[in-house]
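Letter by letter, the chains look like this.
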Amino acid sequence: MGHYARINDNNIVEEVIVATKDVIDTGLKGDPTKWIKTSYNTHGGEHYDRNNRALPDGLPGLRKNYAGVGYKYDKDRDAFIPPKPYPSWVLDEKSCLWEAPIPKPETSKNIEEAGFWHWNEEEQKWDLKDTPPLPK
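This section reports on the structure supplied with the text. Residue numbering note: each chain is counted from 1, following its sequence as written. At least 70 in pLDDT is required for a residue's local features to be given in this predicted model, at least 80 for side-chain atom pairs to be given and counted, and no such filter applies to totals for whole chains, interfaces and linings, which use all residues. Processing note: side-chain calculations cover all non-hydrogen atoms of the structure and skip hydrogens and water entirely.

1. Focus: the packing of aromatic side chains
Link 1 in the chain: Stacked, edge-to-face and tilted labels apply to pairs of Phe, Tyr and Trp rings (six-membered ring for Trp) whose centres lie within 6.5 Å, assigned for plane angles under 30 degrees, over 60, and everything in between, in that order. Under the criterion given, the structure shown has six aromatic pairs.
Link 2 in the chain: Here the aromatic rings of tyrosine 73 and phenylalanine 80 are separated by 5.2 Å at their centres, their planes lie at 50°, and the arrangement is tilted. No difference in accessibility class separates tyrosine 73 from phenylalanine 80, as the two residues are buried.
Link 3 in the chain: Note on tryptophan 119 and tryptophan 126: the rings are 5.2 Å apart at their centroids and 70° apart in plane angle, and the pair reads as edge-to-face.
Link 4 in the chain: Among the residues examined, tryptophan 119 registers a relative accessible area of 8% and is labelled buried.
Link 5 in the chain: The structure contains a cluster of three or more aromatic residues connected by ring pairs, namely Tyr86, Trp89, Trp119 and Trp126. Whether a residue is buried, partly exposed or exposed follows from its accessible area with a 1.4 Å probe, protein chains only, as a fraction of its type maximum: under 20%, in between, or over 50%, in that order.

Structure below.
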């Protein structure tokens, strides 16, 4: 069993499933050329230990990132790339993840100063707020 992402004609992921390779190869789930294997343990070009996802395990990452609906499959990079969160962000070629034009500040370890960093696209800066950012 493995994870497979189905891409459309624009190379955008429309679905991710768990299936055996023979199910994909026989066309039981549609055109086999539209299904691309992805790894649940890959993020930012690193492969992570399946039992402790905080630790890279040294194995090669598969296609830079685990595919998600809306991600783009880039054939030249052989990578799944998430949607661009803001116009000003740039793609890190090594990880195939988007980065802000300025790094996010370190979060204070002081509980009274702790908060959540939100990117302010209009002012091109990070803002510290009391609530976590909403998913886009």
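Additional details are given in the paragraphs that follow.
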